[in-house]
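Okay, here's what each chain looks like letter by letter:
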Amino acid sequence: MPLPRNKQYKRKLARPKALCNEESAPLADAYLDRMDHAVGWNAVISIICEAFKLPDLTTRHGLKKIHADFDKIYARLDEAYDTFHHEEKITGGIKRQVALPHYPGFQVSHRTGFLKRIFPLLRIPTARHLSLRALCAITHNFDIDGRLEIARDYRFLVKSLEDFPDDPVGSELAVAVLSHAVQPVIGFESDSGSPPVLFNEMNVASVLQTVLYSAKYPFASPYLLSHAHSLIAIAPVNCAAICREIPSTITFLVAGLRSRSWSLRCSSLFSLLRLHEDGAEEYTMVTNIVGLKEKIRDFPDHKKFESYAINEVIMAYCAGIVTYKGRESNSYEFGLLLADIATRIPYLEFSLPALAVILGRYLEPAQTWKTCLPICAAAIREKGVESEMHLADILEIKHLCIEPTTAQVLKAFELAERGVERHPQCVFFYNMLCARGHKRDAESSVVSLRWAKKGLKCPKTSHLMRLDLLHYAVICAGYLGVQIMKAARPSDYTWTEGLAFLTSALEDSETYIDEAPRDATFLKEILSWNLLLRIVMKGPTINLDLREFKDIVRKIKDSEEIRTRIGAPSERTAPYRLQETIIMLYDKSVAEWGTAIRRNDLENVHESYVPKNVDQALAKWLEDLPVDDASVYVCNTIRPNPTINSNNVALYRCSWCGTTSAVLRKCSVCDKSRYCDASCQRAHWRVHKRHCRPHE
């Protein structure tokens, strides 16, 4: 006879009693016996789920149910772990069960206890892969604090790689865990805060050497190599000295410049630049003008030299001093001369130590460059000619830039912005505003690049001022392009934007090289940038002997020799030092790492996935969840080296000034021309109106 409906429903839900329940003691041995004869971890996990009344963790529904009562379930599993700690299958299966629910959005209140129990399992060969997969799941989905907790026990992972060097699956999992866990420790920005405590305790050299050793193995998979590269690429941020002590670190990054992947090439270049910034020399901008004319006279083309132009301006300055001689009645005329000089030479004030020898002949000790500027600026303002007010701003800015405080620098930038509004055709203000950016700050670099491009459009720009603006344009666009491309994917709009920045930097560098005299201050650095940009854009098509760059290398040596002969400083900047390293190590690096780079290229590039909500995160987690010991985490892939489309690159450039940007405004009539702002559109209208037609 059928049972009542409610009793039938209850009997249907009846399940075996829990393993750790005292009332179920007779059943415990039966479960243990079944686990002893189980084949594979999936079978063990299935028995544990049955014993502990756990839902199926390989489904979305099961994971949601365990999440609702995670604390209680974790406590029962943890108790069983202590009770059966000598049973390898039980402890391994329990840790696998605890690891599965750690997907994005799940609580992590028991994270520390879990990690303390799972690391010892790395010593057990049969549980090693299981433990590494659990750690891999946690590092992929936990926040930085969770990764730092794993990084504290990095020695277990290093020891695992050293003890099992011939295990391809274990090696790639261990390298992946190390990469995700160690990056927050060594990749912090030194100017944004204090380093993690673990940074001073970690043996970074041991980690890097072990990872590089694993990457050299013939079985190293693209999964392992991509994680190894991520870790090595971030090391120069704070561990430049350690990287230099491990030659394979540098050769690994140099070989990355030959990859088919744009992302990997740009990431390698950016890391190498950071590495060579440590110990690089900054520009002093000091030109010793004493006897300069005699020093350059031996060169047939000396009248084209930058030094010759500076010398001519200095002579005009000294002639003005003779007339001025400290009398305030001549301050207005002398102020006009000083303003004219300031718009012709960007960094005259840096030559003051040498200039003092000449100044002493004409001025009293109290009447120096610093005191002349405010007096002359006041005289121009007192004169009250509206078209000359921007000249007073120029002199005031120059005065603020002599041994400036932070407040004075901010005031100088404020005056420069006001000067652009008052007199948009004066190149001096654009040049001043270019200095506001920082090469590693993307936002300020974009602004500096825009000012440089707008300044290049100013009429009556002196040759030296134009070269200085081109220098800013190359540096800002170069760093921006490399930073964007190292993280971009061809399916993103940022990829084309980054490529536009790189193309802009390369074109401006070639313009600078064509127009600059052989003794130009920044010629050596721009030549170095040109070489680096061409390498990163050509990638694997470059000859191993770098024969296509012999002309650039010759020009670099020529520039350095000339500046040394005339007594001008020849600083060893980061791009210059890096091109030296690449020229010296390129063929050696490809010989050492070329096979690994090609193997990585054949398998495409891993694409990161950022879930938008918890349900999406859960779906993705279940989609990539390993179901047996032979599996590894599968990532979506994309083609690494798409074809460059010049038309797409042009969409990211202002039709007037040529500034590269992702936020340009289109012409509302033709829908083709793009502009930074209304001022660029107005300036271009005289040319554009002949071609502007309504968009069809």
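Let me sum up the structure you'll find in this document. (Residues numbered from 1 in each chain as written. Predicted model: local features only at pLDDT ≥ 70, side-chain atom pairs only at ≥ 80, totals over all residues. Heavy atoms only, no water.)

**A closer look at the overall build of the chain**
Counting secondary structure elements, the chain contains 34 helices and four strands. For the chain, with 696 residues in total, the buried portion stands at 53%. Just so you have it, the chain exposes about 32,300 Å², and 53% of that area is on carbon and sulfur atoms. (Helix = DSSP H or I, 4+ residues; strand = E, 2+ residues; numbered from the N terminus. Buried < 20%, exposed > 50% of the residue type's maximum accessible area, 1.4 Å probe, protein only. Areas by Shrake-Rupley, 256 points an atom, 1.4 Å probe, with all protein chains shown as cover.)

**With respect to the nonpolar core**
In this structure, L157, L178, I186, M202, V207 and Y512 are the most contacted members of the largest nonpolar core, which totals 159 residues. Looking at this core, the element that brings in the most residues is helix α27 (residues 463-485), giving 15 residues. Residues within four places of I186 in sequence aside, it is in contact with F199, V204, L231, I234, A235, V237, N238 and C239. If you look at the next biggest cluster of nonpolar residues, it comprises nine residues, including C667, C670, Y675 and C692. (Core = buried A, V, L, I, M, F, W, Y, C linked by side-chain atoms within 4.5 Å. Contact = heavy atoms within 4.5 Å.)

**Observations concerning the packing of aromatic side chains**
Evaluation of the coordinates by the stated rule reveals seven aromatic pairs. With a centroid separation of 4.9 Å and 40° between ring planes, the pair formed by Y217 and F219 is classed as tilted. Judged by relative accessible area, Y217 falls into the buried class, the value being 17%. With a centroid separation of 5.3 Å and 70° between ring planes, the pair formed by Y479 and W529 is classed as edge-to-face. Of this pair, Y479 sits in helix α27 while W529 sits in helix α29 (residues 523-538); the two residues are 50 residues apart in sequence, bridging distant segments of the chain. Under the relative-accessibility criterion, Y479 is labelled buried at 3%. One aromatic cluster in this structure is built from Y213, Y217 and F219. In this arrangement the basic side chain of R265 is found over the ring face of W262, its NZ or CZ atom lying 4.5 Å from the centre. Above the ring of Y332, the side-chain terminus of K383 is found at 5.0 Å from the ring centroid. (Phe/Tyr/Trp six-rings, centres within 6.5 Å; stacked < 30°, edge-to-face > 60°. Lys NZ or Arg CZ within 6 Å of the ring centre and 35° of its normal.)

**So, helix α10 (residues 154-163)**
If you check which residues of α10 are buried, you get Y154, L157, V158, S160 and L161. Angularly, the buried residues of α10 cover 155° about the axis, an arc narrow enough to put them on a single face. (Arc of directions from axis to C-beta.)

**Concerning unusual backbone geometry**
The backbone of K460 shows a phi angle near 55°, a positive value even though the residue is not glycine. A positive phi is found at L546, a non-glycine position, where the angle reads about 55°. Structurally, L546 can be placed in the loop between α29 and α30 (550-565).

**Section: the environment of L132**
Along the chain, L132 falls in helix α8 (residues 125-141). Classification of L132 as buried rests on a relative accessible area of 0%. A C-alpha to C-alpha distance of 8.8 Å links L132 and I118, two positions 14 residues apart in sequence. Discounting chain neighbours no more than four positions away, the residues touching L132 are L122, L157, G170, L173, A174 and V177.

**Regarding the pattern of salt bridges**
Summed over the entire model, instances satisfying the criterion amount to 18 salt bridges. Ionic pairing is found between R274 and E277, a salt bridge with its closest N-O pair at 3.9 Å. Of this pair, R274 and E277 both sit in helix α17 (residues 262-277), three residues apart, roughly one helical turn. Residue R572 is joined to E580 by a salt bridge in which the shortest nitrogen-to-oxygen separation is 2.7 Å. Overall, the relative accessible area of 31% leaves R572 in the partly exposed class. (Salt bridge = Lys/Arg side-chain N within 4 Å of Asp/Glu carboxyl O.)

**Considering the packing of α27 against helix α28 (residues 493-515)**
At a minimum axis distance of 8 Å, the contact between α27 and α28 shows a crossing angle of 150°. Looking at the two axes, α27 sits roughly antiparallel to α28. The way α27 lies across α28 gives a crossing that is left-handed. (Axes fitted to C-alpha atoms, helices over the stretch in contact; angles between N-to-C directions. Parallel < 35°, antiparallel > 145°, perpendicular 65-115°, else oblique. Left-handed = near helix turned anticlockwise from the far one by under 90°.)

**Let's talk about the state of the cysteines**
Inspection of every chain in the model, using the stated rule, returns zero disulfides. Left unpaired, C476 is separated from the closest cysteine sulfur, that of C434, by 6.8 Å. For C476, a relative accessible area of 7% gives the class buried. (Disulfide = S-S within 2.5 Å.)

**Structural notes on the side chain of S171**
With respect to the secondary-structure elements, S171 resides in helix α11 (residues 168-186). S171 gets classed as buried once you look at its relative accessible area, which sits at 2%. Contacts of S171, omitting those with residues within four sequence positions, involve R128, L161, F164, P165, F219 and L224.

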